Amino acid sequence: MAKLRKTFSAEFLCKLAHQKFQKITEPRRKRVCNFSLADCFMSGLAIFSLKYPSLLQFDQGRTEDKALKHNLRALYGVEQVPCDTQIRERLDPIDPIQIRKLFKAIFAQLQRGKVLEQYQYLNKAYLLSIDGTGVFSSNEIHCENCCEKHHKDGSITYYHQLLGAAIVHPEHKVVIPLAPEAILKQDGTSKNDCERNAAKRLLEHLRREHPFLKAIVVEDGLSSNCPHIETLKALNYSYILGVKPGDHKSLFEWLEGEFCTFHEIAGANGIVHRFRFINNAPLNEAHFECKVNFVEYWEIKKGKVNQHFSWVTDLTITEQNVFSIMRGGRARWRIENETFNTLKNQGYCFEHNFGHGYQHLHTVFAMLMMLAFLIDQTQAFCSPLFRKAWEKMHSKIRLWERIRNLCMFFYIDSWSALFETMGCGIEPAPLKCDTS
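Draft legend 1. Expanded view of the overall build of the chain. Check the secondary structure of the chain and you find 15 helices and eleven strands. Expected size for 436 residues packed as a compact globule is a radius of gyration near 22 Å; at 24 Å, the chain falls within 12% of this value. The principal-axis extents of the C-alpha atoms in the chain amount to approximately 85 × 55 × 40 Å. Expressed as a percentage of its 436 residues, the buried residues of the chain come to 56%.

Written out as structure tokens, the structure is:
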């Protein structure tokens, strides 16, 4: 684990967020507001950082919990705390692409601090896992960017999806999330967006923001098509993409008539890792000129197959690297287990509708939640104080509840003081609140 540095501390990351939010521009407003846009952004970040289950509970805390205003100022730099309605109104028209700059800034800190070196994998490249997930669905509530599903009975389901991306590693449970891409109806179109188009936008954004990032994109079988592979090549990404016999029938039929290399590795606990691989195989009949390298894997224990996977990749497969390629392909699940499942089941309330708005509010909130997750993940990997507090609480959910309760009832001067208090099991002394 990396040692704690100032640039990885919660204090520094929250100040960095505040600085970046101050530079975000907003459309011209008809009426004057006493709350700065940065205060609205930081209040939104605080909601997801402190794991409030709704904006209403945050708004109640703003008026009822005397210490909360002090702590929002001390921990998040919020000078004036806006109400829930003001947060929604100010953030709704903001273009979510402006928030991407903050993800880039935090990623740059991790690069400079050599933290990301621990995530380097094959050929010193990073495994970039990409996958989509649903974040909202309703038969009534909708905005101009909602995708629509029209049913035979005439009803309409409005929904939002999000394409997430994270740096993963087979040896690390902590993932490093990058800025997500919304899957939504684009301006001026009547058709729904799709994951393939969102993936192209996401990869283009990442290449523009990180022009020298050496990455191996890891995705599921939906991405194993020639147009997507050509996009990856054009953007200088390597790839490990899942394939299945039902979706790639011609590829598996072609393999039956070819000489493939078989290789076995004896693992721990009597497990045998069996591989079949071949280089320079045609992806399908429609794009016979699109050549890929193929690997199939069986995990066998006591003569029975426990796991069975297959992938295509642009990495030349050998007996020396086939095991590592397999582990890289299986690491794709970290975006499911350590990202989406964490956001949905460990206090972030990922699928809760915090506010839909009329333009971009839902996407802005989703990005703020992912930003809070990135700051938490940085603390989990880099901060001994955070990990000690986490160990003391035994679970992330209890940790979030404890942090929120302390911020509601006690004056906290800094994140360091908060984590030290929790790690040592000492109750902070409540200060007299100014009721004026």
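Draft legend 2. Quick peek at the nonpolar core. Grouped together as the largest cluster of nonpolar side chains are 141 residues, with contacts concentrated most on F21, F41, Y76, L91 and I403. Per-element tally for this core: the top contributor is helix α12 (residues 361-382), with 16 residues. In contact with Y76, not counting residues within four places along its chain, are C14, H18, M42, A46, S49, L50, N71 and W415. Counting five residues, the second-largest nonpolar core is a separate cluster that includes F136, C143, C146 and Y158.

Draft legend 3. Up close: the pattern of salt bridges. Taken as a whole and judged by the stated rule, the model has 18 salt bridges. The shortest N-O distance in the salt bridge between R62 and D59 comes to 2.9 Å. Of this pair, R62 and D59 are both found in helix α3 (residues 55-64), three residues apart, which corresponds to roughly one turn of the helix. Here the two residues R62 and D59 agree in accessibility, since each one is buried. Among the ionic pairs, E117 bridges to K114, the shortest N-O distance being 3.9 Å. A relative accessible area of 44% means that E117 is categorised as partly exposed. Accessibility expressed as a relative area gives 48% for K114, which makes it partly exposed.

Draft legend 4. Seen up close, the side chain of S49. By secondary structure assignment, the location of S49 is in helix α2 (residues 37-49). What makes S49 buried here is its relative accessible area of 13%. Residues within four places of S49 in sequence aside, it is in contact with Y76, A372 and W415.

Draft legend 5. Region of interest: the packing of helix α7 (residues 195-209) against helix α8 (residues 226-234). Where α7 meets α8, the axes come as close as 11 Å, and the angle between the chain directions of the two elements is 5°. Relative to α8, α7 is oriented roughly parallel. Along the contact surface, α7 presents R196, A199, K200 and L203, while α8 presents P227, H228, T231 and L232.

Draft legend 6. Spatial organisation of the packing of aromatic side chains. A complete count under the given rule lists 16 aromatic pairs for this structure. Summarising the aromatic geometry, the rings of F309 and W311 are spaced 5.8 Å apart at their centres and angled 25° between planes, so their arrangement reads as stacked. The partly exposed category is assigned to F309, whose relative accessible area is 21%. Assessed through its relative accessible area of 5%, W311 is described here as buried. By way of ring pairs, the aromatic residues Y76, Y348, F373, F386, W390, W400, W415 and F419 are connected into one cluster. Positioned over the ring face of W400 is K51, at 3.8 Å from the centre of the ring.

Draft legend 7. Representation of the pairing of strand β7 (residues 238-242). Summarising burial for β7: four of the five residues are buried, a large majority. Where strand β6 (residues 215-219) meets β7, four bridges bridge the pair, whose relative direction is parallel. Each bridged residue has a counterpart across the sheet, and for I216 the counterpart in β7 is S238. As a crossover connection, the stretch from β6 through α8 into β7 is right-handed. Direction of pairing for β7 relative to strand β11 (residues 304-313): antiparallel, over a ladder of three bridges. Across the sheet, I240 pairs through a bridge with T313, a residue of β11.

Draft legend 8. Molecular detail of the pairing of strand β8 (residues 261-266). Sheet topology places β8 next to strand β9 (residues 271-282); six bridges connect them, and they run antiparallel. Each bridged residue has a counterpart across the sheet, and for A266 the counterpart in β9 is V272. In sequence, β8 turns back onto β9 through a hairpin of four residues, with N269 there showing a positive phi of about 60°.

Draft legend 9. Structural view of helix α15 (residues 415-424). Buried within α15 we find W415, L418, F419, T421, M422 and G423. Buried residues along α15 sit against α1 (10-22), α2, α4 (66-76), α12, α13 (384-393) and α14 (396-409).

Draft legend 10. View of the confidence of the model for the chain. Mean pLDDT over the chain works out to 88, with 94% of the residues at or above the 70 mark. When the elements of the chain are averaged for pLDDT, α15 gives the smallest value, 85, and β7 the largest, 97. Taken as a whole, residues 431-436 scores under 50 in pLDDT and shows six contacts with residues more than four places along the chain or in a different chain.

What counts and how
- Residues numbered from 1 in each chain as written.
- Predicted model: local features only at pLDDT ≥ 70, side-chain atom pairs only at ≥ 80, totals over all residues.
- Heavy atoms only, no water.
- Helix = DSSP H or I, 4+ residues; strand = E, 2+ residues; numbered from the N terminus.
- Rg over C-alpha atoms; globule rule 2.2 N^0.38 Å.
- Buried < 20%, exposed > 50% of the residue type's maximum accessible area, 1.4 Å probe, protein only.
- Core = buried A, V, L, I, M, F, W, Y, C linked by side-chain atoms within 4.5 Å.
- Contact = heavy atoms within 4.5 Å.
- Salt bridge = Lys/Arg side-chain N within 4 Å of Asp/Glu carboxyl O.
- Axes fitted to C-alpha atoms, helices over the stretch in contact; angles between N-to-C directions.
- Parallel < 35°, antiparallel > 145°, perpendicular 65-115°, else oblique.
- Phe/Tyr/Trp six-rings, centres within 6.5 Å; stacked < 30°, edge-to-face > 60°.
- Lys NZ or Arg CZ within 6 Å of the ring centre and 35° of its normal.
- Pairing = 2+ DSSP bridges.
- Right-handed = clockwise from strand over helix to strand, strands pointing away.
- pLDDT = per-residue confidence, 0-100.

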